[in-house]
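Observations on the model geometry
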Amino acid sequence: MKTIHKFRLEPGKEPTTLTLREGYEVVRCEYLVPHKAVFLWVQQPLNVTTPTVERQFRVAMSGEPVPDRFQYIDTALDPFGPEAYHVFAVPVGELHLTGNGHERASDEMLGGAGWQGRYVS
């Protein structure tokens, strides 16, 4: 069995970290006016024995630069304003871990998972 969950993404330079089940798939991205925020809908397995992975997503405004290696996912538009929010997946080797400072985790530290693709992990 599978399900779809909704996740709020925070705009800005720091990516939002989501804990997802292996085999997840991003199915929708949208700006919700009542919440004034960007949300991501992700389909993932319901089986509790499916291992989880941490993935990060970055929301960038139009014209804001992002590294070439970030993978474009989708764009969410504010229907009542001029803003466009562009969602990018941060490659696994580029994960930023929040601690006392900002650290980078290599693929080796993360079990060699590697980036799995645009929409599917």
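Residue positions are given per chain, counted from 1 along the sequence in the order it is written. pLDDT decides what is reported in this predicted model: residues at 70 or higher carry local features, side-chain atom pairs at 80 or more are listed and counted, and totals for whole chains, interfaces and linings draw on all residues regardless. Neither water nor hydrogens contribute to the side-chain values; these are computed over all heavy atoms in the structure.

**Topic: the packing of aromatic side chains**
Here is the rule we go by: Between 30 and 60 degrees the pair is tilted, below 30 it is stacked and above 60 it is edge-to-face, where a pair is any two Phe, Tyr or Trp rings, Trp via its six-membered ring, whose centres lie within 6.5 Å. Numbered from the N terminus, helices here are DSSP runs of H or I no shorter than four residues, and strands are runs of E no shorter than two. Burial classification: accessible surface area is computed with a 1.4 Å probe over protein chains only, and a residue below 20% of its type maximum counts as buried, one above 50% as exposed, and the rest as partly exposed. For a Lys NZ or an Arg CZ to count as sitting over a ring, it must be within 6 Å of the ring centre and within 35 degrees of the ring normal.
Evaluated as defined, the whole model comprises 3 aromatic pairs. Centre to centre, the rings of Phe 39 and Trp 41 are 6.4 Å apart; their planes meet at 45°, and the pair counts as tilted. Considering the side-chain rings of Tyr 72 and Phe 88, the 5.8 Å spacing of their centres and the 70° angle between planes classify their relative orientation as edge-to-face. Here Phe 88 lies in strand S7 (residues 84–90) and Tyr 72 lies in strand S6 (residues 71–77), a separation of 16 residues in the sequence. Since its relative accessible area comes to 33%, Tyr 72 is described here as partly exposed. Residue placement shows Lys 6 over the ring face of Phe 39; its charged tip is 4.9 Å from the ring centre.

**Focus: the sheet that holds strand S4 (residues 37–45)**
The cut-off we apply is this: For two strands to be treated as a pair, DSSP must find at least two bridges joining them. To get an axis, a line is fitted to the C-alpha atoms, and for a helix only the part in contact is used. The angle between two axes follows their N-to-C directions and goes from 0 to 180 degrees.
Strand order in this open sheet of 3 strands is S1-S4-S3, and the pairing throughout is antiparallel. In the strand order of this sheet, the two ends are held by strand S1 (2–9) and strand S3 (25–32), each with one partner. Shown here is a sheet whose adjacent strand axes are inclined to one another by a mean of 25°, direction ignored. Pairing between S1 and S4: 8 bridges, direction antiparallel. Bridge assignment links Thr 3 to a residue of S4, and that residue is Gln 44.

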